[in-house]
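What follows is the residue order along each chain.
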Amino acid sequence: MAYRHTPAHLSVQAIDTLTPCPCGNPAGYLRCCGPLHEGAAAATAEALMRSRYSAYVLKREDYLLATWHASTRPATLKLGAQQPAPTWLGLTVKRHESEGDRAIVEFIARLRYGGGKAQRMHEISSFVREDGRWYYVDGSFPDA
């Protein structure tokens, strides 16, 4: 049996493909965010946003940067250096509006840092579609 070696500097979290997708889709990771993480194009901005949430859960910084629009993309996210690392608790999509090649997705992500109390991150994210692929542009925080 052959095993694929993962370099030690990558801290990608393993996922049980029989459980619901981290984004909450009960169909499972292999039928939801998995194909997007492997290079498939998201059909909608909401699908991209859900796959980005799953990428945060799984510490897929490579995917997050690849799906971030070049005009606003940071050089790095340093997910592996976050201390304490967040524990992602769930995602609720409140709305998705799309007009042509632009879209917004409003969502609430729940998370906890270390042993602290659960928090919610409420964001309205902007997306743009270029060459048939959706990209995250930026977000605003209406609760801030």
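Placed above this text is the structure.
Report follows, based on the coordinates. (Residues numbered from 1 in each chain as written. Predicted model: local features only at pLDDT ≥ 70, side-chain atom pairs only at ≥ 80, totals over all residues. Heavy atoms only, no water.)

1. Structural notes on the side chain of R52
Formally: By the criteria applied, helices consist of DSSP H or I runs no shorter than four residues and strands consist of E runs no shorter than two, each listed in order from the N terminus. Each residue is assigned to one of three classes by its accessible area relative to the maximum for its type, calculated with a 1.4 Å probe on protein chains only: buried under 20%, partly exposed between the two thresholds, exposed over 50%. Two residue types count as positive, namely Lys and Arg, and two as negative, namely Asp and Glu; His and chain ends fall outside the count. Salt bridges are defined as contacts in which a side-chain nitrogen from Lys or Arg sits within 4 Å of a carboxyl oxygen from Asp or Glu. Contacts are assigned to residue pairs that have any heavy atoms within 4.5 Å of one another.
With respect to the helices and strands, the residue R52 is situated in helix α2 (residues 45–58). Look at R52: it is buried, it has no salt bridge, and the nearest opposite charge is E123 at 7.1 Å. Setting aside anything within four residues of it in sequence, one finds R52 in contact with Y63, L64, T67, W68 and Y136.

2. Overview of the nonpolar core
Most often, soluble globular proteins keep nonpolar side chains buried together rather than apart. Rule in force here: Buried Ala, Val, Leu, Ile, Met, Phe, Trp, Tyr and Cys residues form a nonpolar core when they are joined through side-chain atoms within 4.5 Å.
Counting 28 residues, the largest nonpolar core has C23, Y53 and F127 as the members making the most contacts within it. If you list the elements that add at least two residues to this core, you get α1 (33–37), α2, α3 (61–66), β1 (86–99), β2 (102–113) and β4 (133–140). In terms of residues, this core owes the most to one element, α2, which gives seven residues. If near-sequence neighbours (up to four positions away) are discounted, F127 is found in contact with A45, L48, M49, D101, R102, A103, V105, W134, Y135, Y136 and V137.

3. Considering the sheet that holds strand β3 (residues 119–130)
Put simply, the test is: We treat two strands as partners when DSSP finds at least two bridges between them. Note on definitions: angles span 0 to 180 degrees between N-to-C directions of axes, and those axes are lines fitted to C-alpha atoms, for helices only across the stretch in contact.
Taking strand neighbours across the sheet as the criterion, the four strands line up as β1-β2-β3-β4 in an open arrangement whose pairing is antiparallel. Sheet topology places β1 and β4 at the edges, where each strand pairs with a single neighbour. Averaged over all pairs of adjacent strands, the angle between their axes in this sheet comes to 30°, without regard to strand direction. With 10 bridges connecting them, β2 and β3 associate as antiparallel partners. Each bridged residue has a counterpart across the sheet, and for I108 the counterpart in β3 is H122. In the packing of α2 onto the sheet, contacts are made with β1, β2, β3 and β4, and the angle to β1 comes to roughly 165°.

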